[in-house]
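Observations on chain architecture
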Amino acid sequence: MAVPKRKMSRSRTRSRRAQWTAAPVPALVSARTPEGDVVQVPRRLVRAVQRGEYRPA
């Protein structure tokens, strides 16, 4: 595990952590459930929705 050689300032630490809020929102695509409903879900969940393994609220 990497160990820092010097203390990182509070300002620098918080500036780095603040970048996580800039994560992009996943694009939604249409997927059909086994019941025939069309729902909007992220692309990575399309197969799970089609199989009935995931039911979006």
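Notes on the structure in this doc start here. None of the values given here were measured: they were computed from a predicted structure.

Turning our attention to the overall build of the protein chain. In terms of helices and strands, the protein chain carries two helices and two strands. Ordered by position from the N terminus, the helices and strands of the protein chain form the series α-β-β-α. With respect to the three principal axes, the spread of C-alpha positions in the protein chain is 60 × 25 × 15 Å. Across the 57 residues that make up the protein chain, the buried fraction comes to 18%. Here the analysis covers contacts within the protein chain between residues at least 6 apart in sequence; of these, 0% occur between residues at least 24 apart. Here the protein chain displays about 5600 Å² of accessible surface, and carbon together with sulfur accounts for 52% of that area.

For the rest of this paragraph, the subject is the pairing of strand E2 (residues 38-42). As paired elements, strand E1 (residues 28-32) and E2 share five bridges and run antiparallel to each other. The residue of E2 that forms the bridge with Val29 is Val41. Hairpin connection, E1 to E2: the antiparallel pair is bridged by five residues, and Gly36 has positive phi, about 100°.

Right, let's get into the side chain of Thr33. Mapped onto the secondary structure, Thr33 falls in the loop between E1 and E2. With a relative accessible area of 11%, Thr33 lands in the buried category. Every residue in contact with Thr33, bar those within four places of it in the chain, is listed here: Val39 and Val49.

Core analysis: the largest hydrophobic core is formed by six residues, namely Val29, Ala31, Val39, Val41, Val46 and Val49. Here Val29 is in contact with Val39, Gln40, Val41, Pro42, Arg43 and Val46, once residues within four sequence places are set aside.

Okay, the pattern of salt bridges next. Summed over all chains, the structure comprises two salt bridges. The salt bridge partner of Arg51 is Glu53, with a shortest N-O separation of 3.9 Å. Its relative accessible area of 55% is what places Arg51 among the exposed residues. Classification of Glu53 as exposed rests on a relative accessible area of 58%.

About the criteria used
- Residues numbered from 1 in each chain as written.
- Predicted model: local features only at pLDDT ≥ 70, side-chain atom pairs only at ≥ 80, totals over all residues.
- Heavy atoms only, no water.
- Helix = DSSP H or I, 4+ residues; strand = E, 2+ residues; numbered from the N terminus.
- Buried < 20%, exposed > 50% of the residue type's maximum accessible area, 1.4 Å probe, protein only.
- Contact = heavy atoms within 4.5 Å.
- Areas by Shrake-Rupley, 256 points an atom, 1.4 Å probe, with all protein chains shown as cover.
- Pairing = 2+ DSSP bridges.
- Core = buried A, V, L, I, M, F, W, Y, C linked by side-chain atoms within 4.5 Å.
- Salt bridge = Lys/Arg side-chain N within 4 Å of Asp/Glu carboxyl O.

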